[in-house]
Amino acid sequence: MVAPTACHPCGVDLSAITIPSELLPADGRFGCGPSKVRSEQITAIRDAATTIMGTSHRQAPVKDLVGNVRSGLTELFGLPDGWEIILGNGGSTMFWDAATFGLINSRSQHLVFGEFSSKFADAASSAPHLDQPTVISTEPGDHPTAVAEEGVDLYALTHNETSTGVSMHLERPAGIADDALVAVDATSAAGGLSWRPSEVDVYYFAPQKSFASDGGLWIAACSATAVERIEQIAATDRWRPAALDLGIALSNSRLNQTYNTPALATLIMLNAQIEWMLENGGATWVADRVATSASTIYGWADTHSLATPFVNDPAKRSHVVATIDLDDSIEATAVSAVLRAHGIVDTDSYRKLGRNQLRVGMFPAIDPADIERLTACIDHVMEQLAS
Ligand SMILES: *Cc1c(COP(=O)(O)O)cnc(C)c1O
């Protein structure tokens, strides 16, 4: 899409708008993935320039790094005994396919409330070896609730729907079978939002959001019940591609390896971010930090005459991805374009949602003080456009 040069409703030439430098945030990256990487994470790559970068992933230096990632996540999430961290290449999208082959026994139920949650449902519904899944959906801006259902062996939830800025409180649906799995897409939530392992069996994500790393990896925290399911399906003769075989991923992960070659810089940045979170106080600290950013931006939008939080229910407003509707008199794409011209990038809405909206990442790496400065910059731009 070509960036607008003028605001259509108001006719203002965008190049005439300048944001005073004292209003600008210290870092202008507010995207929802890839998202802001802290400079200390880049330093960590430089520090490993000759010891890890360019070395074999089958040798101790890289295996120790993968081991640190696995134990660091176990600590960060407070995982009980029996849980395991499994990882592989391909990001969360690839995990949906892996789950379709190696985690769903015969039938799944999916809560669909945006672009990302719909994709796992599509993957399961087109798999020839599975029965048709149940899909429970709501309009964007809200989320549905899972209900226990006979014959369903996997309930697919999404902790934070990145396309709409809706988050859901994670709870095991009442009355489901003892061996049914609750599998949660936590791609943008993991490392930011709180959750309790007792409510979940599989909590999977990719590192380019709250973990401020690069994409291309999937990571799944799995309960003992989930590990058992993976092993059961792996023992059957159901055909699955080796790269999507969770049994193979499990045995490699236990050796602190991936089935095929991972991007080492991604692992270094991920590990540095986990260590940073743990050093500062872990899960409570990150949850408080993103809650501060969230209360700043929603508080600002709630009282603004030209801005409104898109998500009506305050309890469902995400603390890591804010979606803010603008009044029709102000074109959100024009606001984003002016911000971008001043180094404040990726505040654009999720395009398929088709709303006059700004979307702002508030992951732990993003300083809450910068969220405050961002609101001042948006105010400044909107004043110029409205005048
Ligand atoms: C970003 C995102 C994905 C896709 O992640 P990839 O690593 O690009 O496959 C899936 N689900 C959610 C909720 C996301 O935010």
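Above: the structure in question.
The model shown is predicted, which means the values in this text are computed figures rather than measured ones.

A. The sheet that holds strand 1 (residues 84-89), seen in detail. The sheet built from 7 strands is open, its strands ordered 1-9-8-7-4-2-3 with mixed pairing. Looking along the sheet, the strands with just one partner apiece sit at the ends: strand 1 and strand 3 (134-137). Adjacent strand axes in the sheet meet at a mean angle of 20 degrees when their direction is disregarded. In the sheet, strand 4 (residues 154-158) pairs with strand 7 (residues 181-185) via 5 bridges, with the strands oriented parallel. Bridging from a neighbouring strand, Leu154 pairs with Leu181 of strand 7. Lying over the sheet, helix 3 (residues 91-102) contacts strand 1, strand 7, strand 8 (202-205) and strand 9 (217-222), oriented at roughly 55 degrees with respect to strand 9.

B. Broad picture of the site of the ligand. As a structural note, the neighbourhood of the ligand is formed by 13 residues, with Thr93, Thr162, Asp185, Gln208 and Lys209 the closest of them. Taking Asp185, its side chain carries an N or O atom lying 2.6 Å from a nitrogen atom of the ligand. Contact between the ligand and Thr187: a nitrogen atom at 3.4 Å from a side-chain N or O atom of the residue. Coverage of the ligand by the protein amounts to 87% of the 390 Å² it exposes when considered alone. Among the elements that line the shell around the ligand, the one with the most residues is helix 3, at 4 residues. Of the residues in the shell around the ligand, the class split is 3 nonpolar, 8 polar and 2 charged.

C. Focus on the sheet that holds strand 12 (residues 357-361). The strand order 10-11-12 describes an open sheet built from 3 strands, whose pairing is antiparallel. Only two strands of the sheet have a single neighbouring strand rather than two, namely strand 10 (307-309) and strand 12. Taken over all neighbouring pairs, the strand axes of this sheet differ in orientation by 30 degrees on average, direction set aside. Alignment of strand 11 (residues 321-326) against strand 12, held across 5 bridges, turns out to be antiparallel. Bridging from a neighbouring strand, Val321 pairs with Gly361 of strand 12. Where helix 8 (residues 282-302) meets the sheet, it contacts strand 10, strand 11 and strand 12, and its direction lies at approximately 15 degrees from that of strand 11.

Definitions and limits used
- Residues numbered from 1 in each chain as written.
- Predicted model: local features only at pLDDT ≥ 70, side-chain atom pairs only at ≥ 80, totals over all residues.
- Heavy atoms only, no water.
- Pairing = 2+ DSSP bridges.
- Helix = DSSP H or I, 4+ residues; strand = E, 2+ residues; numbered from the N terminus.
- Axes fitted to C-alpha atoms, helices over the stretch in contact; angles between N-to-C directions.
- Contact = heavy atoms within 4.5 Å.
- Near = heavy atom within 4 Å.
- Polar contact = N/O pair within 3.5 Å; in protein donor to acceptor, adjacent residues only side chain to side chain.
- Areas by Shrake-Rupley, 256 points an atom, 1.4 Å probe, with all protein chains shown as cover.
- Nonpolar A, V, L, I, M, F, W, Y, C, P; charged D, E, K, R; others polar.

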